[in-house]
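Chain by chain, the residues:
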Amino acid sequence: MSKLLSIIFLVSLSVTVLGEEYNCGQAVFNIEKIGKYESSRLHIQAKNNGRETSLWKHSIDYTNFLCVKNKRNQFKALINARCGGTGCSESSYTIIDPRTLMVELVPFLRRDNLKLTEEILGIKI
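Residues numbered from 1 in each chain as written. Predicted model: local features only at pLDDT ≥ 70, side-chain atom pairs only at ≥ 80, totals over all residues. Heavy atoms only, no water.

Caption draft 1: Quick look at the side chain of Glu118. Topologically, Glu118 is positioned in helix 2 (residues 114-121). Among the residues examined, Glu118 registers a relative accessible area of 15% and is labelled buried. The residues contacting Glu118, other than those within four sequence positions of it, are Ile123, Lys124 and Ile125. (Helix = DSSP H or I, 4+ residues; strand = E, 2+ residues; numbered from the N terminus. Buried < 20%, exposed > 50% of the residue type's maximum accessible area, 1.4 Å probe, protein only. Contact = heavy atoms within 4.5 Å.)

Okay, structure coming up:
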């Protein structure tokens, strides 16, 4: 039994997991960064009324979460998850509707999508 616990402990040391929890509208968002540097992955989970949405993003160095209201006064979750290299864009937004848990925008790798995000929401970010 102690051997098993030792193995689990060593495995847990080899992976860095940073989890953050956010509320937006009626949904709870859990964002976990797994790994370091270019190999890092981001796991986004959204839960609302017993339903769940899950999304994975790869090569993530920086993450920001915003809960905003669009031009129709509806809550929208914005996750700006981007890499940190010279070829990376500053704006790489994912939009999730906290009411329906639908993913409304997934960014293209290395393409800035701030303008498209603002067009979809009808507001300035």
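Caption draft 2: Region of the structure containing the sheet that holds strand 8 (residues 103-105). Reading across from one edge, 5-6-7-8 is the order of the 4 strands in this open sheet, with antiparallel pairing throughout. Where the open sheet ends on each side, the last strands, each with one partner, are strand 5 (62-69) and strand 8. Ignoring which end each strand starts from, the neighbouring axes of this sheet average 25° apart. Judged from the 2 bridges that link them, strand 7 (residues 93-96) and strand 8 form a sheet pairing that is antiparallel. Considered in strand 8, the bridge of Ile96 is made with Val103. Against the sheet, helix 2 touches strand 5, strand 6 (75-82), strand 7 and strand 8, its axis set at about 20° to strand 7. (Pairing = 2+ DSSP bridges. Axes fitted to C-alpha atoms, helices over the stretch in contact; angles between N-to-C directions.)

Caption draft 3: Expanded view of the state of the cysteines. Scanning the model with the defined rule gives 2 disulfides in all. The disulfide partner of Cys24 is Cys67, and the gap between their sulfur atoms is 2.1 Å. Between Cys24 and Cys67, the S-S dihedral sits near 75°, and the bridge is therefore right-handed. Of the two residues, Cys24 sits in strand 1 (residues 17-24) while Cys67 sits in strand 5, which places them 43 residues apart along the sequence. For Cys24, a relative accessible area of 1% corresponds to the buried category. In this structure Cys67 comes out as partly exposed when scored by relative accessible area, which is 32%. Covalent S-S linkage joins Cys83 and Cys88, the inter-sulfur distance amounting to 1.6 Å. Judged by the torsion about the S-S bond (-120°), the Cys83/Cys88 disulfide is left-handed. In this structure, Cys83 and Cys88 share a single accessibility class: buried. For the protein chain, the disulfide bridges join cysteines in the arrangement 1-2, 3-4, where the cysteines are counted in sequence order. (Disulfide = S-S within 2.5 Å.)

Caption draft 4: How the structure looks around the pairing of strand 4 (residues 51-58). Of the strand pairs in this sheet, strand 3 (residues 41-48) and strand 4 are connected by 8 bridges, and their pairing is antiparallel. The residue bridging Ile44 from the neighbouring strand is Leu55, located in strand 4. Linking strand 3 back to strand 4 in an antiparallel pair, the connection comprises 2 residues, with Asn49 at a positive phi of about 50°.

Caption draft 5: View of helix 2. For helix 2, the set of buried residues is Thr117, Glu118 and Leu121. Seen from one end, helix 2 has its buried residues packed into an arc of 95°, which puts them on one side. Within helix 2, the exposed residues directed more than 90 degrees away from the buried face are Lys115 and Glu119. Taken together, the buried residues of helix 2 touch strand 5, strand 6, strand 7 and strand 8. Within two residues after helix 2, Gly122 carries a phi angle of roughly 75°, on the positive side. (Arc of directions from axis to C-beta.)

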